[in-house]
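Now for the letters of each chain:
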Amino acid sequence: QRALKRSRTKEHRPTNASTAMTSILAAEAVGAATAAAHGAFNYNRANFMFDAGMRWARFNTGYGQAMGQVSQYREDIRDLTEFTVTKADTYHTVGTICFVLNFQTIMAGRLGVHGPAPPGWIMGMYWTNICSALMFLVTFTWMAMHSGARANAGAAYMLTRNVRLPIPTPKMLDEARMTGNEFEKQRVLDVFRIPFIAPAPKDSIEDPESGQRVQTGERRMPRWYHDEVSELRKDEGGAAPSPTSNPEHFELYRGLQEEWWCYDVYARIGILFFFSHWLAAISLYSMCHVFCELRCLWPAWTVVAMFSTAQYNILQLDIVAPKEGSRMPPMEKVVPFVPFLAVAGMSIDYSVLDPHPFWVGCIYTLGWLGYIIYFLWALRMFDLASPKFEEERPEVPGQAWTPTEWPLPPAFRNAVYLISAPKRLEPGQTCLLQEMKAAKGEQGNKVPQKRAREVQPAMLPWKLFRGALITTCSMWVLIMFGRGFEQLNGERFLLKQEGRVERWPSHMQPWMAPWTRKGSRQETCHAGGCDRRLSSDEVSSTAQRLIATLAPLVQAFDAQNERHVEPIAPKLKSAQVSWPASFSPSLLASRGDEVLALDRATGRGGLLHLVGTAPAGVAEFVLQGVEGELLGAAWDNAGLVLTLANGAIAECAGLPADGSWSCIRSAVAPALPTGLVAAVVGRDATGKLRAAVVYDGDDSVTLLDAHSEAWLPAGEVHVPGAKSLTHGPQLSLTGLAKELLIATADGAVHRRPLVLGGGDPKKVALAGPAGSAKKWHTACSFGADRVAHLASHHGATPELFVSA
């Protein structure tokens, strides 16, 4: 048993040693695994923190570059708009200057003012050309105004609605930012992934239809990168960029250009057509001026050569004849030389040749050639301006480009200077904004690109311009019909000659001015001699009349330093009048020896006869039909004229009867202006009404004459010492408004004649003792240059003063 036990013990000893070895190896393996896991954890965490920083930097860099590119897009909108607006402003400037030139030619410098009118055959050419020029001038100016305004409006619309900076929202910024503890939420395989042994998954996205991830590339990235793609660059409904993609702002702007490109095109063509007609008209105008007024031959040919050359040059610069499809001969190469036909006809018409049917036929033949060429040119303009669709041409730097959707006149392809937004980007360029908006995978490829709206071209400007061209053609047809009628019926036999010299043509009679200011004709009238005022035989008589007129002025200037001694006016004395009870008059009017005293406020009055200095008695009466305070009164044989404070004029016929005097408002006199401090209205010798008024704040009297519906100024009278007086003057008129009496606050009475031969201005009365302490009212003239004057003292009954 002992041996057996010992043998068993020996057998079990090696087994215990193997167990210990296994334990040691396992412990070492656990330690190595722990160390590997720790290293992988640190490695993956460092990668995660690095990628978190790159995620934030990537987000800000992407939006920063996108905002920079959108700022460039906004500049694109401004550049395209500024190009159109600058052209429109240039057209406006040209149009403004040409309006002046055109109207000066038609109005101020019109033919036939300083001499006989030119022949009818050339006047038809001139007026049709100058009126056509005015029509195209107005047309292109208004079209330029529309193109500039609409381009500005379209740019403002896009800049405030479509082309905006892609600024991230606070929520997007929070989603782009990551914190360190986000690593704890990552997948276990990503946290402990061993590099090179356990590779990262390949690029993939989640298919929204199946819910499974679809591989999109061979690049291997951690899962958190795939999460970043799904969170920060998720689908926004945009289309995937392609080699043919075009930025949205270009497509939208090209669609907006449909609103104004046609206005821009025909404004430019209108400038050419205006100058073509205006240069032709000014050439005809100049030769008519040279022949009719200057009476010269060779300058007419030189001026025609200069203007015709200018017209030819601008037509050749702007018109590029299409290679095919033209329906008219190239009249732009012929029409500039029509004035040479006209100047040849005028040279014969105004020459010294004797009248002969051959020369008459030559003149009319040259005229008809000009009319036919101008008519064919009008048809040619219609053909050149007609829009046509053409194949889209490749873009060339420095040249205008338009899409095939815009029907332009091919003849003006190089003259309209029209630039549209491009349809595609240049090679190597890309749109970051489209990439940011683009969807991922198959969905993004299915979204269509935004394109310019497909609409019919806005051809209203062409329709209006076509109407102008049709009008021009119709005008030439009409003027040719009129020319034929004149030749058959006789030159200018449909209109009265108004005393002019009848002629066909000009050489049939010696040239002579049709009229002068004195009704005479002189051979020197072409130089303006017949219209000079000092060229007549009455120079000496005119000078004598001038001297007679200036002589009194010279005497007045010589005597301006001499002291003027005014005669001493008589002083006033009390008339000792006993007024009726409660009667407080403040207004006077007179007729002969009779004096009317009136109460301004109540309308009561008294009639008295002044004999010497004592009245014969006071007959009391009341004015009927008068409402309001009285400002003035004038009395003559026709009756009493009252001026009310509200501006109304009342007339009282006859004399008071039974204590009353009936008055009615004047039906023929307009109301006086308001704001008057003194006023009186009377009748002059012709029966018309004349008023003398003082406006509030004025120191002079204004004279007014009544007309049908208003008072018109007739003169002004100075009030002596007005600035030193505390109260305004009181006014009254003598019979037939021959004299104006001005009673001032110091008690003085001044007479001012209102008709020729009425005497000199003078002071006719002075205040008596203690006159300055009284309140002086109106004065009137009665008898032989005598004066009656009312005054009151501290609220007492007014006292009547008269001159001796």
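Preceding block: the structure.
Residues numbered from 1 in each chain as written. Predicted model: local features only at pLDDT ≥ 70, side-chain atom pairs only at ≥ 80, totals over all residues. Heavy atoms only, no water.

J.: Can you walk me through the state of the cysteines in this structure?
T.: Covalently bonding the sulfur atom of one cysteine to the sulfur atom of another cysteine gives a disulfide. Applying the stated criterion to the full structure yields one disulfide. The side chain of C652 participates in a disulfide bridge whose partner is C663; the two sulfur atoms lie 1.8 Å from each other. The S-S bond linking C652 to C663 shows a torsion near 105 degrees; that makes this disulfide right-handed. A residue pair is termed long-range when its members are at least 10 positions apart, and C652 in strand β10 (residues 649–652) and C663 in the loop between β11 (660–662) and β12 (664–665) qualify at 11 residues. According to the relative accessible area criterion, C652 is buried, its value standing at 1%. Exposure remark for C663: the relative accessible area of 5% places this residue in the buried category. (Disulfide = S-S within 2.5 Å. Helix = DSSP H or I, 4+ residues; strand = E, 2+ residues; numbered from the N terminus. Buried < 20%, exposed > 50% of the residue type's maximum accessible area, 1.4 Å probe, protein only.)

J.: When you look at the pairing of strand β8 (residues 630–636) in this model, what are you seeing that I'm missing?
T.: Both faces of the sheet carry side chains from a regular strand, because those side chains alternate between them. Taking burial as the measure, the seven residues of β8 include seven buried ones, the bulk of the element. By the bridge criterion, six bridges tie β8 to strand β9 (residues 639–644) in an arrangement that is antiparallel. When the sheet's bridge partners are listed, A633 is paired in β9 with L642. (Pairing = 2+ DSSP bridges.)

J.: How should I be thinking about the nonpolar core in this particular structure?
T.: Soluble, globular proteins show a tendency: their nonpolar side chains are buried together. Y266, F273, M287, F412 and F465 are the most contacted members of the largest nonpolar core, which totals 76 residues. Of all the secondary structure elements, the ones that give two or more residues to this core are α1 (2–108), α2 (120–161), α7 (261–294), α8 (298–318), α9 (338–349), α10 (357–385) and α13 (460–489). When sequence neighbours within four positions are dropped, the list of residues in contact with Y266 reads M143, A385, S386, P387, P409, P461, W462 and F465. (Core = buried A, V, L, I, M, F, W, Y, C linked by side-chain atoms within 4.5 Å. Contact = heavy atoms within 4.5 Å.)

J.: Looking at this structure, I do not really get α7. What am I missing?
T.: Given 3.6 residues per turn, any residue in an α-helix points the same way as the ones three and four places further on. When the terminal C-alpha atoms of α7 are compared, their 48 Å separation across 34 residues agrees well with the 50 Å that a helix rising 1.5 Å per residue should span. Burial runs high along α7: 31 of the 34 residues are buried. Looking one or two places after α7, you find R295, whose phi comes out positive at around 60 degrees. (Expected span 1.5 Å × (residues − 1).)

J.: Explain a negative patch on the surface here, please?
T.: Taken together, D696, D698, D699 and E716 make up a surface patch of like negative charges. Inspection of the secondary structure assignment puts D698 in the loop between β14 (689–695) and β15 (700–706). (Patch = residues over 30% accessible without salt bridge, like charges linked within 9 Å, V, L, I, M, F, W, Y side chains within 5 Å. Areas by Shrake-Rupley, 256 points an atom, 1.4 Å probe, with all protein chains shown as cover. Salt bridge = Lys/Arg side-chain N within 4 Å of Asp/Glu carboxyl O. Lys, Arg positive; Asp, Glu negative; His and termini not counted. Charge placed at Lys NZ, Arg CZ, Asp CG, Glu CD.)

J.: Sorry, what's going on with the pattern of salt bridges here?
T.: Opposite charge on two side chains allows them to pair when their charged atoms are near. Using the criterion set out here, one finds 16 salt bridges in the structure. Here R591 makes a salt bridge to E594, at a shortest N to O gap of 3.3 Å. For R591, a relative accessible area of 21% corresponds to the partly exposed category. Of the charged contacts in the structure, one is a salt bridge between R604 and E620, with a shortest N-O distance of 2.2 Å. Taken together, the residues R604 in strand β6 (residues 604–611) and E620 in strand β7 (residues 614–624) connect sequence positions 16 residues apart.

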